[in-house]
Amino acid sequence: MRAPGIKRGRRAAPATFSARLGGHVTLEVHSNGEIVACFDSHSVGLGKFSAGAADRAQELRIGLPLSSFSSDGRNIDKEIHLLVRRLARHGLLEYRLGRSRNGEDLVVIEPQVPDYWPQMPQLCNADALVLSRFAYMRRRGNEMVLESPRAGALFKICNPKIATALVILSTPQQIKQLRRRDGFPGVELLALLVDCQILFKTEAASDSGLRPAEGDDNLVLWDFHDLLFHTRSTEGRHANPLGGLYPYAGVISPLPAVRRRWPGKKIDLRKFSAAHSEAISPAATLLRERHSTRSFDDQRPITLAELSRFLDSTARVQSRLRSRLDLGDGGPVVTYAVRPYPSGGGCYELELYLAVDKCEGLARGFYHYDAGGHALVPIDVRRNELEALLTGAEFAMGAPAAPQILITIAARFGRISWKYSSIAYALILKDVGVLIQALYMMATDMGLGGCAIGSANIDLFAKMTGIEFHVEGPVGQFAIGRGTKPGARRRST
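Residues numbered from 1 in each chain as written. Predicted model: local features only at pLDDT ≥ 70, side-chain atom pairs only at ≥ 80, totals over all residues. Heavy atoms only, no water.

Trainee: What am I meant to see in the nonpolar core here?
Mentor: General note: in soluble globular proteins, nonpolar side chains tend to be found buried as a group. The biggest cluster of nonpolar side chains holds 58 residues, and the ones touching the most others in it are Leu87, Tyr95 and Phe155. When residues in this core are grouped by element, the largest group, 6 residues, is from helix H5 (residues 187-195). Contacts of phenylalanine 155, omitting those with residues within four sequence positions, involve Val107, Val108, Ile109, Met144, Val145, Leu146, Leu189, Leu192, Leu193, Cys196 and Ile198. Counting residues in hydrophobic clusters, the runner-up holds 47 residues, among them Tyr341, Leu435, Ile436 and Phe469. (Core = buried A, V, L, I, M, F, W, Y, C linked by side-chain atoms within 4.5 Å. Buried < 20%, exposed > 50% of the residue type's maximum accessible area, 1.4 Å probe, protein only. Helix = DSSP H or I, 4+ residues; strand = E, 2+ residues; numbered from the N terminus. Contact = heavy atoms within 4.5 Å.)

Rendered as structure tokens:
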């Protein structure tokens with residue numbers, strides 16, 4: 001609807017919003033009516049459908065308008081709606097906003113989380129919108145994309161006028177004001193961006209205080225680069241390649257394992273090492289014996305008593321203290337809980353969550369380690385979520401089976417970002433490295449096997465705990481259990 005008193009030229013054709021198969025996805029229809037999605041040498045069964053629905057499903061190659069089917073329409077519409085939702089659940093769809101079904105795309109929406117489904121919240125002319133401080137636009141190949149670590153989808157901007165129009169939203173703008181401008185992107189796109197938290201509603205007259213207006217106190221504590229680094233260096237909230245894929249194997253030679261020596265006269269230290277070779281300390285012995293264990297002896301699983309000793313020695317709160325900050329005119333009282341490993345600023349922001357597959361004396365399940373009370377607290381999770389967590393660790397380690405216990409190291413981000421600016425997330429990762437070394441050393445000392453894991457699914461953890469990913473989330477993982485005999489070890493690191 002045109003706002004009163006606004007003169008406009010020729011109105012653009014209304015935008016259509018369609019769902020279509022990702023470029024790497026094809027649909028196969030079997031003789032029994034089953035439809036299978038094929039992609040990247042994989043296949044996913046989507047169920048059995050009527051011949052009419054199977055024929056119409058082929059239109060997903062170019063796109064089916066979402067308005068053309070609904071769950072309460074004809075039987076064939078219900079089938080297509082079911083098929084599309086199943087494709088969406090597996091992240092096999094993208095969504096286009098265009099002026100005509102076969103015309104040029106204005107925007108293509110690429111899901112970044114498996115369960116993304118586009119929503120268009122109701123917007124009115126008086127609503128004021130502004131860009132999230134976490135939103136950014138960048139070049140990807142020959143494309144321009146708009147994204148945010150908070151968003152469940154990425155927006156490929158196909159029309160440069162839309163990119164230009166979005167710049168004005170760096171300050172709050174009422175929709176009625178935006179309608180007056182050339183290149184108005186359309187209320188449909190604005191609603192989709194609000195749904196993805198790339199835009200948010202605010203007061204039209206406000207030109208300051210946007211940071212606290214965007215989210216809760218936990219979000220206020222995040223710097224842009226920290227949240228981006230957290231979400232893009234973990235699994236669960238992006239669709240980028242992840243892990244040891246050797247992307248530059250055919251482009252650049254690998255760096256040598258040992259750096260080439262600097263020029264100049266060297267000072268040989270080996271004679272000093274040889275003189276003390278017979279007096280190697282227990283700590284030095286543990287350092288030399290430490291290795292990663294990826295195969296565990298499930299016939300002799302770790303015991304609850306061993307797990308208790310392991311956690312007591314590495315993560316239990318040893319002492320507590322309170323201190324008032326001296327900020328010149330007084331300051332708040334800050335509490336501290338010291339643990340066996342060092343932590344940046346004494347924050348001790350790391351928490352341990354245990355996914356137990358096999359442990360003598362402890363039921364299979366998901367637990368939080370209460371470091372203050374030295375206790376395990378069970379957390380009720382779905383069985384498939386626990387399986388996904390353990391299977392993900394098995395895959396990440398390249399192991400023959402799931403670990404006996406998977407420790408997820410999570411951070412209470414606000415605990416450290418309340419104090420530090422610019423370096424908060426970097427400090428968290430340093431703390432993770434220190435804790436992992438402590439876990440390795442204790443596992444070696446106890447004759448157990450351990451293995452650090454470089455990836456974690458922050459979206460899965462959020463679902464299992466019910467905690468939003470920016471409040472508390474995984475920053476590392478460690479597998480622990482009784483290792484197989486050394487001869488069966490696959491490799492060490």
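Trainee: In this structure, what is going on with the pairing of strand E3 (residues 34-39)? I would like to understand it.
Mentor: Along any regular strand the residues' side chains alternate between the sheet's two faces. With 5 of its 6 residues buried, E3 lies for the most part within the structure. Pairing analysis gives 4 bridges linking strand E2 (residues 26-29) to E3, with the strands arranged antiparallel. Counterpart to glutamate 28 in the pairing with E3 is valine 36. Following E2, the chain reverses through 4 residues before pairing antiparallel with E3; glycine 33 in that reversal takes a positive phi of roughly 90°. Two strands pair when backbone bridges link them, and E3 and strand E4 (residues 42-48) are joined in this way by 5 bridges, in the antiparallel orientation. (Pairing = 2+ DSSP bridges.)

Trainee: What exactly am I supposed to notice about the environment of alanine 57 here?
Mentor: Its place among the elements puts alanine 57 in helix H1 (residues 51-57). Accessibility expressed as a relative area gives 1% for alanine 57, which makes it buried. In the structure, alanine 57 is positioned 383 residues away from tyrosine 440 in sequence and 52 Å away in space, judged by C-alpha atoms. If we ignore the near neighbours within four places in the chain, the residues touching alanine 57 are Leu27, Ile35, Ile80 and Leu83.

Trainee: What is the right way to look at the confidence of the model for the chain in this model?
Mentor: Low-pLDDT portions of the prediction should not be read for the details of their coordinates. Mean pLDDT over the chain: 91, with 92% of residues reaching 70 or higher. Contacts from residues 1-10, a stretch scored under 50 in pLDDT, to residues over four places away or in other chains number 6 contacts. Taken as a whole, residues 487-491 scores under 50 in pLDDT and shows 11 contacts with residues more than four places along the chain or in a different chain. (pLDDT = per-residue confidence, 0-100.)

Trainee: How should the packing of helix H11 (residues 304-314) against helix H14 (residues 424-445) be read in this particular structure?
Mentor: Helix-helix packing is characterised by the crossing angle of the two axes and by the distance between the axes. Closest axis-to-axis distance for the H11/H14 pair is 10 Å, and the angle between their directions is 140°. By the criterion of interaxial angle, the relationship of H11 to H14 is oblique. Pair H11 / H14 crosses with right-handed handedness. Here H11 contributes Arg309, Phe310, Ser313 and Thr314 to the contact with H14, which in turn contributes Leu435, Ala438, Leu439, Met442, Ala443 and Asp445. Taken together, the residues of the contact of H11 with H14 break down into 6 nonpolar, 2 polar and 2 charged. (Axes fitted to C-alpha atoms, helices over the stretch in contact; angles between N-to-C directions. Parallel < 35°, antiparallel > 145°, perpendicular 65-115°, else oblique. Left-handed = near helix turned anticlockwise from the far one by under 90°. Nonpolar A, V, L, I, M, F, W, Y, C, P; charged D, E, K, R; others polar.)

Trainee: Please clarify how the packing of aromatic side chains should be interpreted in this entry.
Mentor: Geometrically, a pair of aromatic rings is defined through the distance of the ring centres and the angle of the planes. Enumeration over the complete set of coordinates arrives at 11 aromatic pairs. Look at tyrosine 136 and phenylalanine 224: their rings are 5.8 Å apart centre to centre, the planes differ by 75°, and that puts the pair in the edge-to-face class. Pair noted here: tyrosine 136 is in strand E9 (residues 136-140) and phenylalanine 224 is in helix H8 (residues 224-232), with a separation of 88 residues, a long-range link. When the ring of tyrosine 341 is compared with that of tyrosine 348, the centres are 5.4 Å apart and the planes differ by 65°; the resulting orientation is edge-to-face. The class of tyrosine 348 is buried, set by a relative accessible area of 8%. A cation over a ring is seen here: arginine 290 above tyrosine 440, with NZ or CZ 4.7 Å from the ring centre. (Phe/Tyr/Trp six-rings, centres within 6.5 Å; stacked < 30°, edge-to-face > 60°. Lys NZ or Arg CZ within 6 Å of the ring centre and 35° of its normal.)

Trainee: What is the right way to read the sheet that holds strand E12 (residues 173-174) from this model?
Mentor: Two strands in a sheet stick together by hydrogen bonds in their backbones, pointing the same way (parallel) or opposite ways (antiparallel). Pairing in this open sheet of 3 strands is antiparallel, and the strands run E12-E8-E13 from one edge to the other. In this open sheet, the two edge strands, each paired with only one partner strand, are E12 and strand E13 (199-202). As judged from the 4 bridges shared by strand E8 (residues 128-131) and E13, these two strands associate in the antiparallel manner. Residue leucine 129 lies in a different strand from E13, and its bridge partner there is lysine 201.

Trainee: I'm lost on the pattern of salt bridges in this one. Help?
Mentor: Pairing between side chains of opposite charge can happen when the charged atoms of each approach one another. Going through the model one piece at a time under the given rule, you end up with 28 salt bridges. With a shortest N-O distance of 3.2 Å, arginine 232 and glutamate 147 are connected by a salt bridge. Linking arginine 232 in helix H8 with glutamate 147 in strand E10 (residues 143-147), this pair joins segments that are 85 residues apart in sequence. A relative accessible area of 2% means that glutamate 147 is categorised as buried. Of the charged contacts in the structure, one is a salt bridge between aspartate 357 and lysine 358, with a shortest N-O distance of 3.1 Å. Taken together, the shared-partner salt bridges in this structure form one network comprising Asp298, Asp357, Lys358, Arg364 and Glu387. (Salt bridge = Lys/Arg side-chain N within 4 Å of Asp/Glu carboxyl O.)

Trainee: I would appreciate a short explanation of empty space enclosed by the protein in the present structure.
Mentor: Space left empty within the atom packing is revealed by a probe, the size of a water molecule, rolled over the atoms. A full pass over the atoms with the stated rule returns 2 cavities of 30 Å³ or more. Computed from the structure, the largest cavity encloses a volume of approximately 40 Å³. Considering the residues around the largest cavity, the lining is formed by Ala315, Arg339, Tyr341, Leu350, Glu351, Leu352, Tyr369, Ala371 and Leu435. For the lining of the largest cavity, the leading source of residues is strand E16 (residues 350-356), giving 3 residues. Among the residues making up the lining of the largest cavity, the classes are represented as 7 nonpolar, no polar and 2 charged. (1 Å grid on protein atoms, 1.4 Å probe; cavity = no way out; pocket = protein on both sides within 12 Å on 5 of 7 lines; lining within 4 Å. Points joined across faces, edges and corners; volume = space filled by probe spheres on them.)

Trainee: Can you help me understand the sheet that holds E4 in this one?
Mentor: Judged by pairing direction, the sheet is antiparallel, and its 3 strands sit side by side in the order E2-E3-E4 without closing on themselves. Edge strands, defined here as strands with exactly one partner in the open sheet, are E2 and E4. Neighbour to neighbour, the strand axes of the sheet diverge by 25° on average, direction disregarded. Running over the sheet, helix H2 (residues 75-89) touches E2, E3 and E4 and is turned about 155° from E4.

Trainee: Help me understand the side chain of glutamate 147 in this model?
Mentor: Reaching out from glutamate 147, the side chain makes a polar contact with the side chain of arginine 232 at a distance of 3.2 Å. Each residue touching glutamate 147, except ones within four places of it in the same chain, is listed here: Phe134, Ala135, Tyr136, Arg138, Leu154, Ile198 and Arg232. (Polar contact = N/O pair within 3.5 Å; in protein donor to acceptor, adjacent residues only side chain to side chain.)

Trainee: How do you make sense of the packing of H8 against H14 when you look at a structure like this?
Mentor: Between H8 and H14, the least distance of the axes is 8 Å, while the angle of their chain directions is 40°. With respect to their mutual orientation, H8 and H14 come out oblique. In this structure, H8 uses Asp226, Phe229 and His230 to contact H14, whose residues at the interface are Ala424, Tyr425 and Leu429. Split into classes, the residues belonging to the contact of H8 with H14 amount to 4 nonpolar, 1 polar and 1 charged.

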